[in-house]
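# Results of the structural survey
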Amino acid sequence: MKIKNTTSNIFLAIALLLVTSIGAMAQTPNVKERVFIDVNAHDLLVGETLQYSTYCLSHTTNQVSSLSKYLYVELIGENGVLFQRKHELVNGRANGEFFVPSNIETGQYYLVAYTRWMRNFDDTSKAPLVFINPYKGHFNENLQGVPVQVEFATASGELIANESNQVTYRISQNNKPVVRGGRIIGGETRIADIQADANGMGTVTFTPQAGTTYQLLLENLDGGFDFYDLPQPTDAGVGLNINHTENQIELEPIGNVQAGKLVIEHQGNSVFERTVQDGFTMKVNRSSLPKAVLKVAFLDGSGSKKFETWLINTKLEEQPYGEALTARSAVMLDQTLETGSYSISIRKSFQSQLPQQHAAFSKIDFKAPSAKVYTKLQQAISFHKVDETDLPETIDFLPEYRYQLLQGKVIANSDSAQVADQNIVLSLTGESTLNMATAKTNDNGQFVLEYKTVNRGRTTPAHLVIPDFDNSYTFEVEDNFIQSHNLNFSTIRIDTADLDDIKQRSIISQLDNAYFTPSIDSVAIENNLTPTISNFNTHYEFDDYTRFRTMKEHFVEYIQVAGVRERRGERRFVLYELDERVDLGPNPLVLLDGVPVATDKILDFSPYRIKSLSAMNRRFYLGSLSAEGILSFQTLQGDLGGFEIDSNHLALNLHTPEVKMEQTDFVAPETTRMPDSRIQLLWKPIFEVTSGGAQQIEFSTSDVEGDYEMIIEGFTKEGTPVSIIRKFTVRGNEKG
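Residues numbered from 1 in each chain as written. Predicted model: local features only at pLDDT ≥ 70, side-chain atom pairs only at ≥ 80, totals over all residues. Heavy atoms only, no water.

### Describing the overall build of the protein chain
A tally of helices and strands in the protein chain yields five helices and 47 strands. When the backbone C-alpha atoms are referred to their principal axes, the protein chain occupies close to 105 × 80 × 55 Å. In the protein chain, buried positions account for 51% of the 736 residues. Averaging the coordinates of the 66 positive side-chain charges in the protein chain and doing the same for the 92 negative ones gives two points 2 Å apart. (Helix = DSSP H or I, 4+ residues; strand = E, 2+ residues; numbered from the N terminus. Buried < 20%, exposed > 50% of the residue type's maximum accessible area, 1.4 Å probe, protein only. Lys, Arg positive; Asp, Glu negative; His and termini not counted. Charge placed at Lys NZ, Arg CZ, Asp CG, Glu CD.)

Listed below in structure tokens is the structure:
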């Protein structure tokens, strides 16, 4: 369902005006947001714990987005959704975890995160995961007959005739890199030999001739060659060769480049412009450009963009192995970090582990290869095309800026029922205090409700009601979770070389769970919500009085603030001023556990199921809803007590945000006889740096020896992405 009304369009216009980048050079409106997901590992075994930390950022600036307060997270496998969670964002951050259960199937999964606002742009963030269950059999797919794929890329997407071209190739089979050698030929001429690296990638430079067909001859396992066609050379196109050194980027335009211009962009703004001179290589100092993934474009003499491609000016900061640490010891590492927000993971590294997603490349969802040098990163990113979509003309989902939102539509069930200007009441009966919200429908019967809940981490029962009980309506409600995801699930292959890692990790996981399974305490969740109505004039506890057979008798005998009147078979409540006994007017709002109900229905309801009655004998306003007083009944259990609402009503369960997880540091066992088999030495999902400089990171090593990585991901206050990998080794205590 799409809400295409004046209010929605006005809101989008206001949002664009508020957040559009200031300045004449601003080209990309700062209205979109994105999520970066950092996980402690992309591959996990049964018995291990997936831990995740999220950042909700402006898509343009990489700074904290102020548009959304709530984040939606789903874990999805090939057989469906494993969980759906809602997180309240605090300064753009949220975190959670998931213990991988023993009944899970080996396969690919995705952790998907998005805000309600992101759904307008069909944006989600995805962290690919692999779960392995060593206790269930797994059969690798037979790759015999699965073709080897070869892709070619240049900066401009074209092969320019009569010019020296950089051509990057990528070789894969079943989405896994293939390390293979071969040669480039043109006709019968051997042009160059090639050899793919561990990522299945490489670059070859040669000068193609117009009218000649070029092919890659790739060695196959049978000792022969397979043939793959390169793009056909063109003598009318424009290309770009990009060379990287540690301090400079060299840009060499090739082809029909006269009177053109090269432009480097960052966050929609031009940070470098230079007119192209034929055959002239431009050298740009890295220090003069933002430390980010940039875009470089070629504009012809008329200003038309001929091509656009990514330009790498950031990489992973990887520090080599330092001095070995001792097993089962306290450690304090100093790490220089700028003011910003980060997450820190210290975990044992395994040969079979999947590559990490990194903040440095998260903006364009680029998975960096294992090589951390500029040239290799530029080669890999050449396959990642610049793909920008226009902003939508209308929006479907308003952002949850301050409160949670519920969106829906009212449908009339008869000709006399009108869907416009109807009051919609949302009652959250799962809360311990009276919690209601209201909204008004537009001309098409559409509505958007703002509401608040206690953060429980589970669903809470709620009810939608139209208090117009003289007519009949039904509801359609939009789920804030996406109903269908377009995900590509790859077949998981477990290589023989991975089996030792899996066996070792499985043993460690069993030890860890045997000795350190945490006990889950039932902690009362504080209800910090202010009751929607807290100023009732009068309150009656039915157990304090004699109970009668009918509800009407209670009003006759001792409920002085209200009465029941009958005329021509119609019954209604009236409220009185306590001192003057004046009729306030017809039809006060009647609530049962916070849910509006019809008068005749509540009068027929058993009073033995009622706990109390609160009354307000004055006019009351709740949002768009006004009432001539309120009678609020409460059942014994607070769950409507079996009361049936047969029209104008929808019962539903609403997701509440997760309970905020407190960060706790590991406490080493008091006795050395108890094993410490952790491979996750530290997980700090939210590490705030308020004053840049050397930061002290404390943790303790376990009994598990081997190579470890400290991975720091995050963003500075200015929005610069930071990705740091620091390696070290843990060795056992030397015995004298």
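Now that the structure has been shown, we can carry on.
### Re the sheet that holds strand E42 (residues 630-635)
Taking strand neighbours across the sheet as the criterion, the five strands line up as E34-E39-E42-E37-E38 in an open arrangement whose pairing is mixed. At either end of the open sheet lies a strand with only one pairing partner, and these are strand E34 (538-541) and strand E38 (595-596). Note: strand E37 (residues 589-592) against E42, four bridges, orientation parallel. Note that in E42 the partner of Val 590 across the bridge is Leu 631. (Pairing = 2+ DSSP bridges.)

### A look at the sheet that holds strand E23 (residues 305-312)
Spatially, E20-E19-E22-E23 is the arrangement adopted by the four strands of the open sheet, whose pairing is antiparallel. Each edge of the sheet is formed by a strand with only one pairing partner; in this case those strands are strand E20 (269-275) and E23. This sheet shows a mean twist of 20° between the axes of neighbouring strands, independent of strand direction. When strand E19 (residues 261-266) meets E20, the two strands line up antiparallel, connected through six bridges. Pairing of Glu 265 across the sheet is with Ser 270, part of E20. Relative to the sheet, helix H2 (residues 374-381) contacts strand E22 (293-299) and E23, its axis offset from that of E23 by approximately 140°. (Axes fitted to C-alpha atoms, helices over the stretch in contact; angles between N-to-C directions. Contact = heavy atoms within 4.5 Å.)

### Things to note about the side chain of Arg 678
By the secondary structure assignment, Arg 678 is in the loop between strand E43 (649-655) and strand E44 (680-689). Side-chain polar atoms of Arg 678 contact the backbone oxygen of Ser 700, separated by 3.0 Å. (Polar contact = N/O pair within 3.5 Å; in protein donor to acceptor, adjacent residues only side chain to side chain.)

### Thoughts on unusual backbone geometry
Positioned with a positive phi, Asn 174 is a non-glycine residue whose angle comes to about 55°. As for its position among the elements, Asn 174 is in the loop between strand E10 (165-173) and strand E11 (176-177). One non-glycine residue with positive phi stands out, namely Leu 640, at about 75°. Tracing the chain through its elements places Leu 640 in the loop between E42 and E43.

### A look at the environment of Gly 202
Of note, Gly 202 is situated in strand E14 (residues 201-206). By relative accessible area, which is 5% here, Gly 202 ends up buried. For the pair Gly 202 and Phe 152, spaced 50 residues apart in the sequence, the C-alpha separation amounts to 10.0 Å. Here Gly 202 is in contact with Val 167, Thr 168, Tyr 169 and Gln 379, once residues within four sequence places are set aside.

### Focus: the pattern of salt bridges
A complete count under the given rule lists 25 salt bridges for this structure. Residues Glu 105 and Lys 136 are paired through a salt bridge, measuring 2.9 Å at the closest nitrogen-oxygen approach. Of this pair, Glu 105 sits in the loop between strand E6 (93-99) and strand E7 (107-114) while Lys 136 sits in the loop between strand E8 (125-132) and strand E9 (149-153); the two residues are 31 residues apart in sequence, bridging distant segments of the chain. Of the residues examined, Lys 136 reaches a relative accessible area of 32% and is grouped as partly exposed. One salt bridge in this structure joins Arg 571 and Asp 604, with 3.1 Å as the shortest N-O distance. Placement of the pair is Arg 571 in strand E36 (residues 570-575) and Asp 604 in the loop between helix H5 (599-603) and strand E39 (610-616), with a sequence separation of 33 residues. For Arg 571, a relative accessible area of 24% corresponds to the partly exposed category. Residues joined by salt bridges that share partners form a network here, namely Asp 43, Glu 48, Arg 347 and Arg 505. (Salt bridge = Lys/Arg side-chain N within 4 Å of Asp/Glu carboxyl O.)

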